[in-house]
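# Chains, contacts and geometry: an overview
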Amino acid sequence: VWMRCRYPALGYNQPPRMFRLVAVSGDGSYEQVGSWRAGPGDQVELTGLTQLSGTDLVRVEVQSLDGAPLLTYEP
């Protein structure tokens, strides 16, 4: 998995936060692919691996540290 995230600086006055990228299987189980800390004005590139492939991988999510989905991609 390769991902690039940009965090706009304009209009945001918040401290950096922790995020994580997870791969989700068809049965609802998940595997964490990576984690990072980012704040306004940051750009993050992440490369990670998952053992899920093909039809086993139903979506990839960017989540807050508490597990709330922020962005979902369905391959």
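Below or above, wherever it landed, is the structure these notes cover. Since this is a predicted model, take the numbers as computed values, not measurements.

Rules behind the numbers
- Residues numbered from 1 in each chain as written.
- Predicted model: local features only at pLDDT ≥ 70, side-chain atom pairs only at ≥ 80, totals over all residues.
- Heavy atoms only, no water.
- Pairing = 2+ DSSP bridges.
- Helix = DSSP H or I, 4+ residues; strand = E, 2+ residues; numbered from the N terminus.
- Axes fitted to C-alpha atoms, helices over the stretch in contact; angles between N-to-C directions.
- Phe/Tyr/Trp six-rings, centres within 6.5 Å; stacked < 30°, edge-to-face > 60°.
- Buried < 20%, exposed > 50% of the residue type's maximum accessible area, 1.4 Å probe, protein only.
- Core = buried A, V, L, I, M, F, W, Y, C linked by side-chain atoms within 4.5 Å.
- Contact = heavy atoms within 4.5 Å.
- 1 Å grid on protein atoms, 1.4 Å probe; cavity = no way out; pocket = protein on both sides within 12 Å on 5 of 7 lines; lining within 4 Å.
- Points joined across faces, edges and corners; volume = space filled by probe spheres on them.
- Nonpolar A, V, L, I, M, F, W, Y, C, P; charged D, E, K, R; others polar.
- Polar contact = N/O pair within 3.5 Å; in protein donor to acceptor, adjacent residues only side chain to side chain.

Attention now moves to the sheet that holds strand β3 (residues 30-38). Here we have 4 strands laid out as an open sheet, ordered β3-β2-β5-β6, and antiparallel in their pairing. Either end of the sheet is taken by a strand with one partner, and the two such strands are β3 and β6 (69-73). Each neighbouring strand pair of the sheet contributes to a mean axis angle of 20 degrees, computed without reference to strand direction. In this sheet, β3 lies alongside strand β2 (residues 17-25) in antiparallel orientation, the contact comprising 8 bridges. Among the inter-strand pairings, Met18 is bridged to a residue of β3, identified as Arg37.

Scanning the model with the defined rule gives 2 aromatic pairs in all. Their ring planes at 35 degrees and their centres at 5.4 Å tell us that Tyr7 and Phe19 sit as a pair that is tilted. With Tyr7 in the loop between β1 (2-6) and β2 and Phe19 in strand β2, the pair connects residues that are 12 residues apart, well separated along the chain. Comparing Tyr7 with Phe19 shows no difference in burial state: the two are buried.

Now for the nonpolar core. One recurring pattern in soluble globular proteins: nonpolar side chains tend to sit buried together. Of all hydrophobic cores here, the largest spans 15 residues; its most connected members are Met3, Tyr7, Phe19, Leu21, Trp36, Ala38 and Val62. The set of elements that each furnish at least two residues to this core consists of β1, β2, β3, β4 (43-47) and β5 (57-64). Phe19 has contacts with Tyr7, Ser35, Trp36, Ala38, Val62, Gln63 and Leu70, leaving out every residue within four places of it along the chain.

So, about the layout of surface pockets. Approximately 160 Å³ is the volume attributed to the second largest pocket. Of all the secondary structure elements, the ones that give two or more residues to the lining of the second largest pocket are β1, β5 and β6. Of the residues in the lining of the second largest pocket, the class split is 9 nonpolar, 1 polar and 2 charged.

Our focus in this paragraph is the environment of Cys5. Structurally, Cys5 can be placed in strand β1. For Cys5 and Asp42, which are 37 residues apart along the polypeptide, the C-alpha to C-alpha distance reads 8.3 Å. With near-sequence residues (within four places) excluded, Cys5 lies in contact with Trp36, Asp42, Gln43 and Val44.

Among the secondary structure elements, Ser25 is positioned in strand β2. Polar contacts involving the side chain of Ser25 include one to the side chain of Asp27, which spans 2.5 Å. Not counting chain neighbours up to four residues away, the residues in contact with Ser25 comprise Leu52, Asp56 and Val58.

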